[in-house]
Amino acid sequence: MEIGQKNHKCVGNTSMFENALEEFSHAAEKIKIDSDVLEMLTQPKRAIEFSIPVKMDSGKIKVFIGYRIQFNNLLGPMKGGIRFHPKVCADEVEALAFLMTWKCAISDIPFGGAKGGIVVDPKELSKSELEALSRGYMAAVAPFIGPKTDIPAPDINTNAQIMAWMSDEYNKIAGQNEPAAITGKPIVLGGSLGRDTATGQGGIFALLEVAKVIDLPGKTVAIQGFGNAGSNFAEILEKEGKFKIVAVSDSKGGIYDPDGLDISELIRHKKTTGRVSRFNNSQEITGEELLELDVDVLVPAALENQITKENADKIKAKLIIELANGPTTFEADEILFKNGNIVVPDIFANSGGVIVSYFEWVQNNTRHYWSAEEVHEKLREKMTCNFKRLFEYSEKHNISFRTSAYIQAIEKMIEAVKLK
Ligand code: NAD
C-alpha cells in the first residue's frame, strides 16, 4: 500500500519529520535555493507501508506493520537502517530517511538516504518468531531494494543476526549470493570488521576532534542509552583514558558515580541483569536527571526528542555529542545555541555507522576484505576530514555545526541536481 497523504504524524509524539524539516529549512534559508529544488529535496522518492503476517509459536497468525521510506537517491543508492520498536511510525521513519540523506551527503560517501522499521517490541517475541518477522520484512521490501538501489542496515533493536536472516532471505529471492544488498552482517557472511563498533568509534573521533578546538572545562561524560551506539562509545572512551564517564542510563533507569564508572564491569553487569541500574555503589538517577547533570560532555545515544524546549535551559554540559538520531528538537537547539552549549549534530556525530556500512558495501562489491586496522584508519580519516570542513565553515560564517552541516550537504545536492 503506497502512503498517499502526509498526515501520518505519530500519536502523542512531536513530529520528528517536522522537526527535521525545521532544522533543514533554517539552513536552507541562508543560501539561495530555488523553490522547485527545495520541494524536490524535501519529498520522499517512495514510501511503502506493508503488513507482515507471522505465524506465532502459539499457532496463531499475528500481523505486524512495516515501513521502508526511500527519501533521495541523487548521490547514489539509498542507505539506512531498520528499526524494530513499538513506537515506530511513518513520520519517524520518514524523518530518519531524511536525516540519512543529509548524513550521507556530508559524510562524503556515494549514497542517498532511506530508513525502515517495524512496529514491534522484539523483546516479546521468541527467536523463531523474530526470525520469521525479519524474513517477512525482507520478502516485502526485496522488490524495492538491492546493492544498486537501497541497502538496509541495523538500527534500534536490530543486529547482525537479524541482518543475517534478512540477507539470506534476499539471496533466496534474488536467486544469487548478493552480500552487498545489506550491511551490518556477521563477519562470516561478508560483514566488515569494525562495523559493530563503528557508530561508537565514529563518535569518539568526533569528540576527540571537537575537544581540540573548543575549551572544555573538565572531562566528565554522561551517556543516555547503553545499546550498540552508547555502550561501544563508552567502552572505547574508557580505553582512550582521557575522559571520565560518570553517568549512564538505559530504558530502565540511570546510574551516577562522580568518581567514574567502571565501564567494562558495567557491560558485564548489563549482560547478566539486562539493565545498567543497581550497579556497584553508584547512585540511582532517572533518565531526565542524567540529561541535566553538571558534566562537560552529554551523549544522547537512545531515542529522538530527548532535549526539548522544556529541559534545554537546564542542560549544563558544554558539549553535546548526538549519537542518537534527532535527540534535540529544533526549539531546544536554538536555546542551546543561545546558551553557548555546543551541539555536534547527529548527521555528523553518528555517521561512523554508515561510513563503515559503506566500507562493507565496497568490500562486498570487490570481494576484497580489509583488516580491522585498515577499517579503523579509513574511518578516522573520514571523520577528521569531515569535521575539518564542518568546523572551518561554521567558524567562517559564525553558525552552529548543525546549520553548517546542512548547508554543506544542501549545496552538494544542489550541484548534483544542476548537473543532472
Ligand atoms: P540499541 O537498540 O542497540 O540501543 C538503544 C539503547 O537505548 C538501549 O540501551 C535502550 O535501553 C536505551 N533506551 C531506550 N529508551 C531509553 C530512554 N528513554 N532513556 C534511556 N535509554 C533508553 O540501538 P542503537 O543502535 O544503539 O541506536 C541508538 C541510537 O543511535 C538511535 O537513535 C539510532 O538511530 C542511532 N544510531 C545507531 C547506529 C547504529 O549503527 N547502531 C548508527 C547511527 C545512529
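Residues numbered from 1 in each chain as written. Predicted model: local features only at pLDDT ≥ 70, side-chain atom pairs only at ≥ 80, totals over all residues. Heavy atoms only, no water.

**Q** Whenever I open this one, the pattern of salt bridges confuses me. Can you help?
**A** Oppositely charged side chains are able to pair whenever their charged atoms sit close together. Here the structure, examined in full by the defined rule, presents 22 salt bridges. Here aspartate 108 and lysine 412 are joined by a salt bridge, their closest N and O atoms 3.0 Å apart. Of this pair, aspartate 108 sits in the loop between helix 3 (90-107) and strand 4 (112-119) while lysine 412 is found in helix 14 (residues 401-419), placing the two residues 304 residues apart along the sequence. When the shortest N-O distance is used, the salt bridge between aspartate 250 and lysine 270 registers 2.9 Å. You can see aspartate 250 sitting in strand 7 (residues 244-250) and its partner lysine 270 sitting in helix 8 (residues 263-273), a full 20 residues away along the chain. (Salt bridge = Lys/Arg side-chain N within 4 Å of Asp/Glu carboxyl O. Helix = DSSP H or I, 4+ residues; strand = E, 2+ residues; numbered from the N terminus.)

**Q** It is not clear to me how the site of the ligand should be interpreted in this structure. Could you clarify?
**A** Close contacts around the ligand come from 22 residues, with Asp155, Thr199, Asn228, Ala229 and Asn325 the closest. Here an oxygen atom of the ligand and a side-chain polar atom of arginine 195 are 3.3 Å apart. Between serine 251 and the ligand, the recorded distance is 3.0 Å, taken from a backbone N or O atom to an oxygen atom. Contact with the protein chains covers 85% of the free accessible surface of the ligand, which is 830 Å². Elements that contribute at least two residues to the shell around the ligand include exactly helix 7 (228-240) and strand 7. Within the shell around the ligand, the residues separate by chemical class into eight nonpolar, ten polar and four charged. (Near = heavy atom within 4 Å. Polar contact = N/O pair within 3.5 Å; in protein donor to acceptor, adjacent residues only side chain to side chain. Areas by Shrake-Rupley, 256 points an atom, 1.4 Å probe, with all protein chains shown as cover. Nonpolar A, V, L, I, M, F, W, Y, C, P; charged D, E, K, R; others polar.)

Interpretation in functional terms is not warranted from these geometric data alone.
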